[in-house]
Amino acid sequence: FDNTGTAGIEAAVKLVRQHTKRPNIIVLYGGMHGRSGMASAMTTNHSIRNPLFYPLPSGVYTAPFPSAYRWGISEEEAADRAIEGLKDVLKGSVRPDQVAALVFEPILGEGGFVPASAYYYKKAKEICDQYGILMVMDEIQSGYG
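What you see is a predicted model; the values in this text were computed from it and never measured. (Residues numbered from 1 in each chain as written. Predicted model: local features only at pLDDT ≥ 70, side-chain atom pairs only at ≥ 80, totals over all residues. Heavy atoms only, no water.)

Visitor: So what about the packing of aromatic side chains? Which residues, and what values?
Guide: Counted according to the given criterion, the structure contains three aromatic pairs. Ring geometry for F104 versus Y121: centroids 5.9 Å apart, planes at 25 degrees, classification stacked. Taken together, the residues span a long stretch of sequence, with F104 in strand β3 (residues 99-104) and Y121 in helix α5 (residues 118-131) at a distance of 17 residues. Here F104 falls in the buried class, since its relative accessible area comes to 1%. On the basis of relative accessibility, which here comes to 21%, the residue Y121 falls in the partly exposed class. An aromatic cluster is defined as three or more aromatic residues linked by ring pairs; in this entry it consists of F104, Y120 and Y121. Here the guanidinium or amino end of R81 rests over the ring plane of W71, the centre of that ring lying 4.7 Å away. (Phe/Tyr/Trp six-rings, centres within 6.5 Å; stacked < 30°, edge-to-face > 60°. Helix = DSSP H or I, 4+ residues; strand = E, 2+ residues; numbered from the N terminus. Buried < 20%, exposed > 50% of the residue type's maximum accessible area, 1.4 Å probe, protein only. Lys NZ or Arg CZ within 6 Å of the ring centre and 35° of its normal.)

Visitor: Which residues make up the pattern of salt bridges, and what values go with them?
Guide: Per the stated rule, a full pass over the model turns up five salt bridges. Its salt-bridge partner being K87, residue E84 comes within 3.5 Å of it at the nearest N-O pair. One end of the pair is E84 and the other is K87, both in helix α4 (residues 75-92) and three residues apart, which spans about a single turn. For E84, a relative accessible area of 39% puts it in the partly exposed group. Overall, K87 belongs to the partly exposed group, its relative accessible area being 32%. Salt-bridge contacts for D97 lead to R95; the nearest nitrogen and oxygen are separated by 2.9 Å. The class of R95 is exposed, set by a relative accessible area of 51%. (Salt bridge = Lys/Arg side-chain N within 4 Å of Asp/Glu carboxyl O.)

Visitor: Residues and numbers for α4, please.
Guide: Over its 18 residues, α4 runs 25 Å from end to end, which matches the ideal 26 Å to within 8%, given 1.5 Å per residue. Along α4, the positions that sit buried rather than exposed are A78, A79, A82, I83, G85, L86, V89 and L90. Seen along its axis, α4 keeps its buried residues to an arc of 155 degrees; they face one direction. Seen from the open side of α4, the exposed residues pointing more than 90 degrees away from its buried face are K91 and G92. Where the residues of α4 are buried, they touch β1 (24-28), β2 (60-63), α3 (68-71), β3 and α5. (Expected span 1.5 Å × (residues − 1). Arc of directions from axis to C-beta. Contact = heavy atoms within 4.5 Å.)

Visitor: I'd like a description of the environment of I73, backed by residues and values.
Guide: Positionally, I73 belongs in the loop between α3 and α4. Accessibility expressed as a relative area gives 23% for I73, which makes it partly exposed. With residues near it in sequence (within four places) discarded, I73 still touches A68, A78 and R81.

Visitor: How would you explain the sheet that holds strand β6 (residues 134-137) if you had to name every residue and give the values?
Guide: Read from one edge of the open sheet, four strands run β2-β1-β3-β6, paired in parallel fashion. The open sheet terminates on both sides in strands that have one partner only, identified here as β2 and β6. The average undirected angle you get between the axes of adjacent strands in this sheet is 25 degrees. Here β3 runs beside β6; their pairing, made up of four bridges, is parallel. Bridge assignment links A101 to a residue of β6, and that residue is L134. Packed onto the sheet, α4 meets β1, β2 and β3 and runs at close to 145 degrees relative to β2. (Pairing = 2+ DSSP bridges. Axes fitted to C-alpha atoms, helices over the stretch in contact; angles between N-to-C directions.)

Set out below in structure tokens:
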């Protein structure tokens, strides 16, 4: 625990990189991780950033969040679509053996207060376990973490 979410995320990124010896992070679209250096790079809402803060740190890749409501499909279909998007990132954008962690908000806050399903967590965890990728849940909406 830390005094801010941003500081917690900055520390988590350092820890997962140190532990795995891998440089890259995958985040989910819609996530708000903070406004400092690395946390800002991991935040997908570009409107919150001061243009003078660029360039941002590298090594951040984005996969889709399972947004059943926005996509107009069931939670299971949204989870499957998001998992395919995650697999696409691991196939075409970054090698799995170079990814330290999948970092995401279980309940998007700035992204619209949208929860991901337990089905999505299970499928994402299977992929992470397959490739030795850690999962970091950046949770603030429930008041824990």
